[in-house]
Amino acid sequence: MKVVFTPSHVDHNPEFFVLAGQFSPSPECPDRVHRLISAINGAGYEVLPPKDRGLDAIGAVHPSDYLEFLQHGFTEWKILANRGPAIIPNTHPGRYMTRRPETIIGKAGYYMGDTACPILPGTWGAAVASAQTALTAANLVLNGAHEAYALCRPPGHHAYSDQAGGFCFLNNIAIASQEMRRRADRVAILDVDVHHGNGTQGIFYDREDILFCSLHGDPSGFYPYYAGYVDEKGAGKGLGYNLNIPLAPGTGDDAYMVALGVALEAIEAFKPEYLLISLGLDAQENDPLGILSITTNGFYRMGRMIGAVVQPTLIVQEGGYLCEEIEANLLAFLGGFEEAR
Ligand SMILES: [Zn+2]
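Residues numbered from 1 in each chain as written. Predicted model: local features only at pLDDT ≥ 70, side-chain atom pairs only at ≥ 80, totals over all residues. Heavy atoms only, no water.

Our focus in this paragraph is the packing of aromatic side chains. Scanning the entire structure with this criterion turns up nine aromatic pairs. Centre to centre, the rings of Phe333 and Phe337 are 6.4 Å apart; their planes meet at 25°, and the pair counts as stacked. With Phe333 and Phe337 both in helix 10 (residues 326–340) and four residues apart, the pair spans about one turn of that helix. Comparing Phe333 with Phe337, the two get one shared label, buried. Cluster of aromatic residues (ring-pair linked, three or more members): Tyr66, Phe69, Tyr110 and Tyr111. (Phe/Tyr/Trp six-rings, centres within 6.5 Å; stacked < 30°, edge-to-face > 60°. Helix = DSSP H or I, 4+ residues; strand = E, 2+ residues; numbered from the N terminus. Buried < 20%, exposed > 50% of the residue type's maximum accessible area, 1.4 Å probe, protein only.)

Tetrahedral coordination by four donors puts the ideal angle at the metal at 109.5 degrees, and octahedral coordination by six puts it at 90 or 180 degrees. Distances from the zinc ion to its protein donors, namely Asp193 (OD), Asp193 (OD), His195 (ND1) and Asp282 (OD), fall within the range 2.0 to 2.8 Å. The coordination sphere of the zinc ion comprises four donor atoms, whose angles at the metal cover 51 to 154°; the geometry is irregular. Each donor residue of the zinc ion belongs to the same chain, with the gaps between them written as D-x1-H-x86-D. Classification of Asp193 as buried rests on a relative accessible area of 0%. (Donors = N, O, S within 2.8 Å, 3.2 Å for Na, K, Ca; no water. Tetrahedral: all angles 85-135°; square planar, octahedral: opposite > 155°, others 65-115°.)

Relative to the 28 Å expected for 20 residues at 1.5 Å per residue, helix 5 (residues 123–142) spans 28 Å between its end C-alpha atoms, a close match to the ideal helical length. The buried fraction of helix 5 amounts to 18 of the 20 residues, a majority that puts the element mostly inside the structure. Directly after helix 5, the chain includes Gly144, whose backbone phi takes a positive value near 120°. (Expected span 1.5 Å × (residues − 1).)

A separate point is the environment of His216. Secondary-structure assignment places His216 in strand 7 (residues 210–217). The class of His216 is buried, set by a relative accessible area of 0%. Put simply, His216 and Met302 are 86 residues apart on the chain and 14 Å apart in space, counted from C-alpha to C-alpha. Apart from residues lying up to four places away in sequence, His216 is in contact with Asp193, Val194, His195, His196, Gly228, Asn244, Ile245, Pro246 and Leu247. Of note is the side chain of His216, whose polar atom sits 2.7 Å from the backbone oxygen of Gly228. (Contact = heavy atoms within 4.5 Å. Polar contact = N/O pair within 3.5 Å; in protein donor to acceptor, adjacent residues only side chain to side chain.)

This next bit is on the packing of helix 5 against helix 6 (residues 172–181). Contact pair helix 5 / helix 6: the axes reach a minimum separation of 9 Å and the direction vectors enclose 35°. Considering only the axes of helix 5 and helix 6, their crossing is right-handed. The residues of helix 6 that touch helix 5, namely those facing Ala127, Ser130, Ala131, Ala134, Leu135, Ala138, Asn139, Val141 and Leu142, are Asn172, Ile175, Ala176, Glu179 and Met180. (Axes fitted to C-alpha atoms, helices over the stretch in contact; angles between N-to-C directions. Left-handed = near helix turned anticlockwise from the far one by under 90°.)

This paragraph deals with the environment of Val47. Its location among the elements puts Val47 in strand 4 (residues 46–48). The class of Val47 is partly exposed, set by a relative accessible area of 30%. As a C-alpha pair, Val47 and Tyr149 span 102 residues in sequence and 9.5 Å in three-dimensional space. Residues within four places of Val47 in sequence aside, it is in contact with Val3, Phe5, Ile37, Ile40 and Asn41.

Overall, parallel pairing links the eight strands, which are arranged 4-1-5-10-9-6-7-8 in an open sheet. The outermost strands of the open sheet, each flanked by one partner alone, are strand 4 and strand 8 (242–247). Sheet twist, expressed as the average angle between the axes of neighbouring strands with direction ignored, equals 20°. Sheet topology note: the strand 6 (residues 187–191)/strand 7 ladder contains five bridges and is parallel. In the strand pairing of strand 7, Ile189 is matched with Phe212. Packing of helix 6 onto the sheet brings it into contact with strand 6, strand 7, strand 9 (274–279) and strand 10 (313–317), and relative to strand 9 it is tilted by some 175°. (Pairing = 2+ DSSP bridges.)

In the predicted model, the chain carries a mean pLDDT of 97, and the fraction of residues at 70 or more is 100%. Element-level mean pLDDT values for the chain span from 86 in strand 2 (residues 16–19) up to 99 in strand 6. (pLDDT = per-residue confidence, 0-100.)

On the secondary structure map, Gln132 appears in helix 5. Gln132 gets classed as buried once you look at its relative accessible area, which sits at 4%. Beyond its immediate sequence surroundings of up to four residues, Gln132 is in contact with Pro50, Lys51, Asp52, Arg53, Gly54 and Ile58.

Turning next to the pairing of strand 2. Looking at chain direction, strand 2 and strand 3 (residues 22–25) are connected through four bridges and run antiparallel. Considered in strand 3, the bridge of Phe17 is made with Ser24.

Where helix 8 (residues 253–270) meets helix 9 (residues 296–307), the closest approach of the two axes is 10 Å, and the angle between their N-to-C directions is 20°. Comparing the axis directions of helix 8 and helix 9 gives the class roughly parallel. As for the relative orientation of helix 8 and helix 9, their crossing is right-handed in sense. Here Asp253, Asp254, Tyr256, Met257, Leu260, Gly261 and Leu264 of helix 8 lie close against helix 9, whose contacting residues are Asn297, Gly298, Arg301, Met302, Met305 and Ile306. The residue makeup of the contact of helix 8 with helix 9, split by class, is seven nonpolar, three polar and three charged. (Parallel < 35°, antiparallel > 145°, perpendicular 65-115°, else oblique. Nonpolar A, V, L, I, M, F, W, Y, C, P; charged D, E, K, R; others polar.)

This part covers the nonpolar core. With 49 residues, the main nonpolar core has Leu170, Met180 and Leu314 as its most contacted residues. Considering every element that reaches this core, the biggest residue donor is helix 5, with 10 residues. When sequence neighbours within four positions are dropped, the list of residues in contact with Met180 reads Ala138, Val141, Leu142, Val187, Tyr274, Leu276 and Leu314. Grouped together as the second largest cluster of nonpolar side chains are 47 residues, Leu247, Phe270, Ile277 and Ala332 included. (Core = buried A, V, L, I, M, F, W, Y, C linked by side-chain atoms within 4.5 Å.)

Below is the structure:
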């Protein structure tokens, strides 16, 4: 399996986010990916840099006003008096206001869902490089590779078409899925990050050509709180093409594999030409942001079950935070996946 990766993710290095009313160091830090790429190199995988494929594929998922905000917002932000080091909103439209203001603080609240996606001078470049990483790996699969792994940072699955959130700016797997749709009638996305892939769900909610399945911690007490429930099944033509499987806190390996089997059955019934995996490593029992209890052997079992799917598969890195097992979990997943191919 080829791996696509770029070190330019380090240009996005947020200092903090707000958690339960307190400033906390941002867990979405470059060291996560430093450790993952070291493990990939140590295991002997072939690593390729992304190719710059321009902004067309990104623009197929994200509208131009949102991309303009991500690219140029900091230029407006930096001339504010008494500003902080990063764009972080201090007000949001909530459920009752829908106007899009033209000034930077108003736009920040409009385009950013929470405080976990601060925009720094290097954020745009890093986010585009992360999307290009997913696109390059998608094109490896489109050109005949049976599988590829995009080691993306920043992650993407919490980003809606025009709203950042949860450490995510551009939805890498949505961009890759749309790219793969150019040469396929049906693609399926399976999201195994411990957090519901609310942005991906939102982007494809009314689509019948892209099946979205997510296994995640029960959102009634866990991020993203406002989406990820069983009764969200799609809308319009997309009704029946969105499958959420929320899991109780503490769910362990055996119960997880039963739920994964349900998702894989739905994917098999859909008959996609390509499968895309949002691979979070934060379902791990010791992950600092997680609530499930998956072991390293559990990641191996997940890899085996997913690798047994016959379709060409693109794996895209999402979350997974600093804990002792982070590298072992990645290698266990990829090792199990390759064994089953
Ligand atoms: Zn996550």
